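# Close look at the chain arrangement
Next come the chains, spelled out residue by residue.
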Amino acid sequence: MTAPIAPGPAPASASASAPGSVTLDLAGRTALVTGAAGGIGRACALRLAAAGAQVRAVDRAADGLDALAERAAGLPGAVEPQVLDLTDLDAAEAAAAGTDILVNNAGLQLVRPIEEFPPDVFHTVLTVMLEAPFRLIRGALPHMYAQGWGRIVNVSSVHGLRASAYKSAYVAAKHGLEGLSKTAALEGAPHGVTSNCVNPGYVRTPLVERQIADQAAAHDIPPERVLTDVLLKDSAVKRLIEPEEVAEAVLYLCAPQASFITGISLTLDGGWTAH
């Protein structure tokens, strides 16, 4: 299905000194990454650990977390797997206590027309992708405020800026996350805390791979046409973005050089929103 699409760049090395990567020493910093067992979350956890951070890797997939911890062995920092279902909001808030860097990444997707969209799934998507980030930020801020430094990076999406049909829950959650991030930026600025979104287009992740079948059904086209005719139709760069590319953007927003960057949405969409 991906044969017509030009391959992306080789994944960035986990080394903190990888060519073209942001050089940043996060030794002594504690980071929490949600949805860390795969995709963007996995890449972010490895990149932060490569920069020296102690990373709390949160996901409900224990096997994926174990594989991540093995992959992180030998990096300057460390990865601490933590199995957690983000629908347990009290546990999510408690997990964020004492963190210097919070990366809200966990997400899920279902492609259906609104009139066919299951209300329970809509509720779950909003819980995991909007209410849980609120609770995680709420849990992290006291420590960040006390020390006068903190970084919140919310992995939003181009769908936090634009809508697509059949993705009511995902689009609603990402638009809400954008507002939450900006509010945290305004409140956190006097305390040395920044809050930003990164907004990738379609990323080469299991979530996107699963969307291909859903979109094929929704648009009644063969799966092999979904990438070219649907997902990448409005993208000037005709390929999927790699998780490691997103992780580099996340890392930059944690850098000292990014201390004046707050309340923004950093778009990584291959030119989609340039139209």
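Refer to the structure above for everything that follows.
One structure accompanies this document, and this report is about it. (Residues numbered from 1 in each chain as written. Predicted model: local features only at pLDDT ≥ 70, side-chain atom pairs only at ≥ 80, totals over all residues. Heavy atoms only, no water.)

## Structural notes on the packing of helix 4 (residues 119-147) against helix 5 (residues 168-188)
What counts is decided by this rule: Between the N-to-C directions of two axes lies an angle of 0 to 180 degrees, each axis being a line fitted to C-alpha atoms and, for a helix, fitted only over the stretch in contact. Here a strand is any run of E in DSSP of at least two residues, a helix any run of H or I of at least four, and the numbering for each starts at the N terminus. Note that the term roughly parallel is reserved for angles under 35 degrees, roughly antiparallel for angles over 145, roughly perpendicular for angles of 65 to 115, and oblique for everything else. Crossings are assigned a handedness: left-handed for a near helix turned anticlockwise from the far helix by less than a right angle, right-handed for a clockwise turn. Whether two residues are in contact is decided by their heavy atoms, any of which lying within 4.5 Å being enough. Note that Gly is not counted as nonpolar here; it falls among the polar residues with everything else outside the nonpolar set of Ala, Val, Leu, Ile, Met, Phe, Trp, Tyr, Cys and Pro and the charged set of Asp, Glu, Lys and Arg.
Between helix 4 and helix 5, the shortest axis-to-axis distance is 8 Å and the interhelical angle comes to 15°. Taken together, the axes of helix 4 and helix 5 are roughly parallel relative to one another. With respect to the hand of their crossing, helix 4 and helix 5 are arranged in right-handed fashion. Residue-level inspection shows Phe-122, Val-125, Leu-126, Met-129, Leu-130, Pro-133, Phe-134, Ile-137 and Tyr-145 of helix 4 in contact with helix 5, the latter providing Ser-168, Ala-169, Tyr-170, Ala-172, Ala-173, Lys-174, Gly-176, Leu-177, Leu-180, Glu-187 and Gly-188. Per-class residue counts for the contact of helix 4 with helix 5 are 15 nonpolar, three polar and two charged.

## Quick look at the environment of Leu-32
Mapped onto the elements of the fold, Leu-32 is located in strand 1 (residues 30-34). The sequence separation of Leu-32 and Gly-192 amounts to 160 residues, and the corresponding C-alpha distance is 18 Å. Excluding its chain neighbours within four sequence positions, the residues that come into contact with Leu-32 are Arg-56, Val-58, Ala-95, Ala-96, Thr-99, Ile-101, Leu-102, Val-103 and Leu-136.

## Topic: the layout of surface pockets
Put simply, the test is: Buriedness for pockets is judged along seven lines, at least five of which must meet protein on both sides within 12 Å for an open set on the 1 Å grid over protein atoms alone, while cavities are sets there where a 1.4 Å probe fits but cannot get out, and lining residues have an atom within 4 Å of a point. Grid points are joined across faces, edges and corners, and a volume is the space filled by probe spheres set on the points.
The space that makes up the largest pocket amounts to roughly 850 Å³. At the level of elements, helix 1 (39-50), strand 2 (54-59), helix 4, helix 5 and helix 6 (206-219) are the ones that each hand at least two residues to the lining of the largest pocket. With five residues, helix 6 is the single largest residue contributor to the lining of the largest pocket. Computed from the structure, the second largest pocket encloses a volume of approximately 290 Å³. Residue lining of the second largest pocket: 20 residues in total, with Tyr-202, Val-230, Leu-231, Leu-232 and Trp-272 positioned closest to the centre.

## Re helix 6
This is how the line gets drawn: Expected helix span is computed as 1.5 Å times (number of residues minus one). The quantity called bend is, for any residue, the angle between two axes fitted respectively to the seven residues ending at it and the seven beginning at it. Type-normalised accessible area, obtained with a 1.4 Å probe on protein chains alone, sets the label of each residue: buried when under 20%, exposed when over 50%, and partly exposed for intermediate values.
Counted at 1.5 Å a residue, the expected span for helix 6 with its 14 residues is 20 Å, and the 20 Å between its end C-alpha atoms agrees. Where helix 6 bends most, at Ile-212, the angle is about 25°. Turning to helix 6, its buried residues are Leu-207, Val-208, Gln-211, Ile-212, Gln-215 and Ala-216. Those residues of helix 6 that are buried lie in contact with helix 7 (226-231).

## Considerations on unusual backbone geometry
We note that Tyr-166 has phi near 75°; this positive angle belongs to a residue other than glycine. Tracing the backbone through its elements, the reader meets Tyr-166 in the loop between strand 5 (150-155) and helix 5.

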